[in-house]
Amino acid sequence: MELRELLEKAGIDYPNSDRLILAKTVNRIITDSRQVQSGDLFIGMPGTKVDGSEYAQEALTKGAIAALVDQTVNIPQSSKIIPIKDIVSACAQIAAAFYDFPAQAIPLVGVTGTNGKTTTTHLIEFLTKSDYSPAMFGTLYSRWQGYSDIAQNTTPFSPTLQSQLRQAIDAGANLGILEVSSHALDQRRVWGCPFRVAVFTNLTQDHLDYHHDLESYFQAKALLFSPDYLKGRAIVHLDDPFANRLIAKCQAAKIPVWTYSLSNDQADFYTTNLASSSQGITAELHTPQAKVVLTSPLVGSFNVLNIIAAISTCLELGMDLAQIIETLPQFQNVPGRVEQIIADPNQEISVVVDYAHTPDSLENILKALRPFTQKNLICVFGCGGDRDKTKRPIMGKIACDLADFVYITSDNPRTENPETILADIFAGVTDRVKVYVESDRALAIQSAILTAQPGDTVVIAGKGHEDYQIIGKEKNHFDDREEAKKGLEQRAHTPSSQT
């Protein structure tokens, strides 16, 4: 469509713009000047380090029909550079208009929180397949019937998100399920997306390198529960310390709320008679409709909460409770989330890979696996570079408090010195357990597996599904699951080992 038509459809003012430029046809919407091709519309978005408006001229040189920039940015002007009020919101509106407002064509479910987003969205996707053809967008991938692609961000930037929503709908999708990150809300990536259901899983320390403090982090998450985004029901984890503030916010905006809890009978959804084993969990689930018995192969109380959040979402979407409960046991796991690594069915130790990379998630996984560990619980973990430094000693202490042996190693050091990160983690170490420090993650994993004794459980935490490690600015192939299998295979050919 013509640029003029696109801007008008998006509700964007374009005072004093060149009418010849406005008559140009827009082929694509691009925010990365390196990807610009002839006929594209370039939108200069502000970033954490640079402002995309600085690349407007480069984009025009490469063939962009025009460059939209924030009207407050001071750059050389030309007839093809169009200053726009609030470029961030404008980008989302333009992307939605270009793809004919796909977010308004199907119900959307948004799941936000520090932990549990990925498992909860996977559960919702799995459970809704009897009634819907879902499209899912999250940390692992964007996928729908006939399509799957590895995700670059937990929540795509608006041009990508709107494009993928349109593709999904054209392929037959009639439900969108999104992990909605705090970054995405702060950067208005989902602006213009009306959510039928919004789920709040929890809020614990993470991303303070971006948000600076927990209050700002909460305020970003809370945006999803404002009338600007939520057009249906909020589903809130009542056990979380921030729950009451979020519920009050929804009530003030006349947004209906369901609450869920592990055991608080004041919640709309809660469990009793919870039983857990290495084979999974069973519990009586109390719901506004009826009391039912749920069964799942997932382990850990945190997964019970993820299951309840998913069930309540499905009920709000109009699904049958009995059908949901019947389907639930068939859901096995999510890649990199409490994923057991088995190289030999007769192996003497348990090895689990998990994405736990925050203090809360590390505590959860260690507590969840303790009851099923016959002897020693061994934890291998690190912390990412160029990210929140304050959580490092906290995680060091948690590992020492809850595990029997701890291996501190590198995660994604990025541009930080790995040894500095290790030292930050070590500052929280206690003398309760033996701690090993090995910056080479492959060697740390290998050592933990080779020295484990029969009946031990080795937890490799922090990277989960990731198949890369970022050192400096280089992204190198690295997969904890592959390294774990190598260690197990080496162990099978090693006569004996001593801890």
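Residues numbered from 1 in each chain as written. Predicted model: local features only at pLDDT ≥ 70, side-chain atom pairs only at ≥ 80, totals over all residues. Heavy atoms only, no water.

A. Structural detail: the overall build of the chain. If you tally the helices and strands in the chain, you get 17 helices and 23 strands. Whereas a compact globule of 499 residues would reach a radius of gyration of roughly 23 Å, the chain reaches 24 Å, a difference of no more than 12%. Summarising its shape, the C-alpha atoms of the chain cover approximately 80 × 55 × 40 Å along the three principal directions. A total of 499 residues make up the chain; the buried ones form 57% of that total. (Helix = DSSP H or I, 4+ residues; strand = E, 2+ residues; numbered from the N terminus. Rg over C-alpha atoms; globule rule 2.2 N^0.38 Å. Buried < 20%, exposed > 50% of the residue type's maximum accessible area, 1.4 Å probe, protein only.)

B. Main features of the pattern of salt bridges. Scanning all chains against the criterion turns up 23 salt bridges. We note a salt bridge from Arg233 to Glu316, for which the minimum N-O separation is 2.7 Å. Placement of Arg233 in strand E11 (residues 230-237) and of Glu316 in helix H11 (residues 301-316) is noted, with a sequence separation of 83 residues between them. On the accessibility criterion, Glu316 (14% relative accessible area) is buried. Residue Glu416 pairs with Lys389 through a salt bridge whose shortest N-O separation is 4.0 Å. (Salt bridge = Lys/Arg side-chain N within 4 Å of Asp/Glu carboxyl O.)

C. Local environment of the side chain of Ser53. Locating Ser53 in the fold gives a position in the loop between strand E2 (40-43) and helix H3 (56-61). For Ser53, the contacting residues outside a window of four places in its chain are Gly44, Met45, Val69, Asp70, Val73 and Ile75. (Contact = heavy atoms within 4.5 Å.)

D. Quick look at the sheet that holds strand E9 (residues 175-179). Here 8 strands make up an open sheet; going across it, the order is E8-E7-E6-E9-E5-E10-E11-E12 and the pairing mixed. Here the strands that pair on one side only, and so sit at the sheet edges, are strand E8 (147-150) and strand E12 (257-260). Adjacent strand axes in the sheet meet at a mean angle of 15° when their direction is disregarded. When strand E7 (residues 141-144) meets E8, the two strands line up antiparallel, connected through 4 bridges. Bridge pairing in E8 places Ser142 opposite Asp149. Along the sheet, helix H10 (residues 243-252) makes contact with strand E10 (195-200), E11 and E12, crossing E11 at roughly 160°. Helix-sheet contacts for H11 involve strand E5 (108-112), E10, E11 and E12, and the interaxial angle to E12 is about 155°. (Pairing = 2+ DSSP bridges. Axes fitted to C-alpha atoms, helices over the stretch in contact; angles between N-to-C directions.)

E. Layout of unusual backbone geometry. Phi is positive for Asn16, which is not a glycine, with a value near 60°. The topology assignment puts Asn16 in the loop between helix H1 (3-10) and helix H2 (19-22). In the Ramachandran plot, Lys254 falls in the positive-phi region, its phi being about 60° despite a non-glycine side chain. Residue classification places Lys254 among the exposed residues on the basis of a relative accessible area of 76%.

F. Representation of the sheet that holds strand E3 (residues 66-70). Strand order in this open sheet of 4 strands is E1-E2-E3-E4, and the pairing throughout is parallel. Because the sheet does not close on itself, it has two edges, and the strands there are strand E1 (28-30) and strand E4 (81-84). Neighbour-to-neighbour, the strand axes of the sheet open up by a mean angle of 25°, direction not taken into account. Pairing of E1 with E2 involves 3 bridges; the strand directions are parallel. The residue bridging Ile30 from the neighbouring strand is Phe42, located in E2.

G. Examining the packing of aromatic side chains more closely. Counted under the stated rule, the structure contains 9 aromatic pairs. Taken together, a centroid distance of 4.2 Å and an interplanar angle of 15° make the contact between Trp144 and Tyr147 stacked. The exposure class assigned to Tyr147 is partly exposed, which follows from its relative accessible area of 27%. An angle of 15° between the planes, with centres 4.7 Å apart, marks the rings of Tyr407 and Tyr436 as stacked. Within this pair, whereas Tyr407 is found in strand E19 (residues 405-408), its partner Tyr436 is found in strand E20 (residues 434-437), the two being separated by 29 residues in sequence. (Phe/Tyr/Trp six-rings, centres within 6.5 Å; stacked < 30°, edge-to-face > 60°.)

H. Spotlight on the pairing of strand E17 (residues 350-354). Here E17 lies mainly inside the structure; 4 of its 5 residues are buried. Relative to E17, strand E16 (residues 339-340) runs antiparallel, the two sharing 2 bridges. Paired with Glu339 across the bridge in E17 is Val353. In this structure, E17 lies alongside strand E21 (residues 457-461), joined through 5 bridges in parallel fashion.

I. Focus on the state of the cysteines. In total, this model carries 0 disulfides according to the counting rule given. Unpaired in this structure, Cys314 has its nearest cysteine sulfur neighbour in Cys250, at a distance of 20 Å. There is no disulfide at Cys383, and the cysteine sulfur nearest it, in Cys379, is 10 Å away. Residue classification places Cys383 among the buried positions, given a relative accessible area of 3%. (Disulfide = S-S within 2.5 Å.)

J. Layout of the environment of Ser216. Summarising the element assignment, Ser216 is placed in helix H9 (residues 214-222). Remark: the alpha-carbon pair of Ser216 and Asp186, spanning 30 residues in sequence, is separated by 9.8 Å.

K. Local environment of H1. Within the span of H1, buried status applies to Leu3, Leu6, Leu7 and Ala10. Taken end-on, H1 shows its buried residues confined to a sector of 95°, consistent with a single buried face. (Arc of directions from axis to C-beta.)

L. Broad picture of the environment of Tyr132. Note that Tyr132 resides in the loop between helix H5 (117-128) and strand E6 (134-137). Residues Tyr132 and Leu317 lie 185 residues apart in sequence; the distance between their C-alpha atoms is 9.8 Å. Residues within four places of Tyr132 in sequence aside, it is in contact with Pro107, Asn174, Leu175, Leu317 and Met319. In terms of polar contacts, Tyr132 uses its side chain to reach the backbone carbonyl oxygen of Leu317, at 2.8 Å. (Polar contact = N/O pair within 3.5 Å; in protein donor to acceptor, adjacent residues only side chain to side chain.)

M. Representation of the packing of helix H14 (residues 391-402) against helix H15 (residues 418-426) within the structure. Following both chains from N to C, one finds H14 and H15 inclined at 55°, their axes separated by 6 Å at the closest point. Relative to H15, the element H14 lies oblique. In this structure, H14 uses Arg392, Pro393 and Gly396 to contact H15, whose residues at the interface are Ile421, Asp424 and Ile425. Classifying every residue of the contact of H14 with H15 gives 3 nonpolar, 1 polar and 2 charged. (Parallel < 35°, antiparallel > 145°, perpendicular 65-115°, else oblique. Nonpolar A, V, L, I, M, F, W, Y, C, P; charged D, E, K, R; others polar.)

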